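Listed below are the residues making up each chain.
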Amino acid sequence: MTTGSNEFKLNQPPEDGISSVKFSPNTSQFLLASSWDTSVRLYGVPTNSMRLKYQHTCAVLDCAFYHPMHAWKNLVGTHDAPIRCVEYCPEVNVMVTGNWDQTSSLKYQTRCIRAFPNKQAYVLSSVAGRVAVEYLDPSPEVQKKKYAFKCHRLKENTIEQIYPVNAISFHNIHNTFATSSSDGFGSIWDPFNKKRLCQFHR
């Protein structure tokens, strides 16, 4: 593998396909990578060194940085199938997971999950062209706000093609979010007014 003058190859890379790569939320000095080789590796970018390696018994499909000053006190639940995606909210010390056992409000396998910047809610996407907005507050009043909608679907010759929603990304100030899909389109959504603001060309 050749590299340019401003890039380099990390030492001790995963031995199989990389499923997720994330920089530390507060600094670009640390990089976390999960892999189908059953490992999660933490790299020190400036020193080009692997700082830690966590070995699991099965492929690791996603990873997230966890605040070292917090501790888990309660196990809220488990999944009956592999966890596909994970998101940590340090402000409220909550880990949100999406899985393949079809137990979320999406009714289909979760593809991606991301937390609102205000940490009051999170967004899930599925392989079946659906997105759900869920709230962390368990009170009945707040739970009434949650909803799901269909997106990233195309009609071709009277047949509706449904595409997985592969990625979600939030605007840090306005709490709007973007989705991208296997249909080749990207869309920006207003979760409060429940509408699409714009769609990018294929």
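Worth saying up front: this structure is predicted, and the values here are computed from it rather than measured.

> Before we go on, may I ask you to explain the sheet that holds strand β9 (residues 130-135) in this structure?
Sheet strands pair via backbone hydrogen bonds, and the direction of the pair is either parallel or antiparallel. Spatial strand order, β7-β8-β9-β10: four strands in an open sheet with antiparallel pairing. Looking at strand neighbours, the two that pair on one side only are β7 (110-115) and β10 (147-150), the edges of this open sheet. Across this sheet, the average inter-strand angle for adjacent strands is 15 degrees, counted without regard to direction. Note: β9 against β10, four bridges, orientation antiparallel. Each bridged residue has a counterpart across the sheet, and for A132 the counterpart in β10 is A148.

> Looking at this structure, I do not really get the environment of I173. What am I missing?
Locating I173 in the fold gives a position in the loop between β13 (165-170) and β14 (177-181). With 55 residues separating them in the primary sequence, I173 and N118 have C-alpha atoms 8.8 Å apart.

> Honestly, the sheet that holds strand β2 (residues 30-35) in this entry has me stumped. Any pointers?
Ordered in space as β1-β2-β3-β4, the four strands form an open sheet in which the pairing is antiparallel. The two strands at the open ends of the sheet, each matched to only one other strand, are β1 (18-23) and β4 (49-55). Within the sheet, the average angular offset between the axes of one strand and its neighbour, ignoring direction, is 15 degrees.

> Help me out: how do you make sense of the packing of aromatic side chains in this one?
Both the distance between ring centres and the angle between the ring planes are used here to describe each pair of aromatic rings. Under the counting rule described, the total for this entry stands at five aromatic pairs. Ring centres of F116 and F170 lie 4.6 Å apart, and the angle between their planes is 45 degrees; this geometry places the pair in the tilted category. Note that F116 is positioned in the loop between β7 and β8 (121-126) and F170 in strand β13, a separation of 54 residues in sequence. No difference in accessibility class separates F116 from F170, as the two residues are buried. Put simply, the rings of F116, F170, F177 and F192 pair up and form one aromatic cluster. When the ring centre of Y135 is taken as origin, the NZ or CZ atom of K145, which lies over that ring, is 6.0 Å away. Taking NZ or CZ as reference, K194 lies 4.6 Å from the ring centre of Y147, over its face.

> I keep staring at the side chain of N48 and nothing clicks. Help me out?
Inspection of the secondary structure assignment puts N48 in the loop between β3 (39-44) and β4. The exposure class assigned to N48 is buried, which follows from its relative accessible area of 18%. Engagement of the side chain of N48 in a polar contact is seen with the backbone nitrogen of N11, the distance being 2.9 Å. If we ignore the near neighbours within four places in the chain, the residues touching N48 are F8, K9, L10 and N11.

Each value, and the rule that gives it
Residues numbered from 1 in each chain as written. Predicted model: local features only at pLDDT ≥ 70, side-chain atom pairs only at ≥ 80, totals over all residues. Heavy atoms only, no water. Pairing = 2+ DSSP bridges. Helix = DSSP H or I, 4+ residues; strand = E, 2+ residues; numbered from the N terminus. Axes fitted to C-alpha atoms, helices over the stretch in contact; angles between N-to-C directions. Phe/Tyr/Trp six-rings, centres within 6.5 Å; stacked < 30°, edge-to-face > 60°. Buried < 20%, exposed > 50% of the residue type's maximum accessible area, 1.4 Å probe, protein only. Lys NZ or Arg CZ within 6 Å of the ring centre and 35° of its normal. Polar contact = N/O pair within 3.5 Å; in protein donor to acceptor, adjacent residues only side chain to side chain. Contact = heavy atoms within 4.5 Å.

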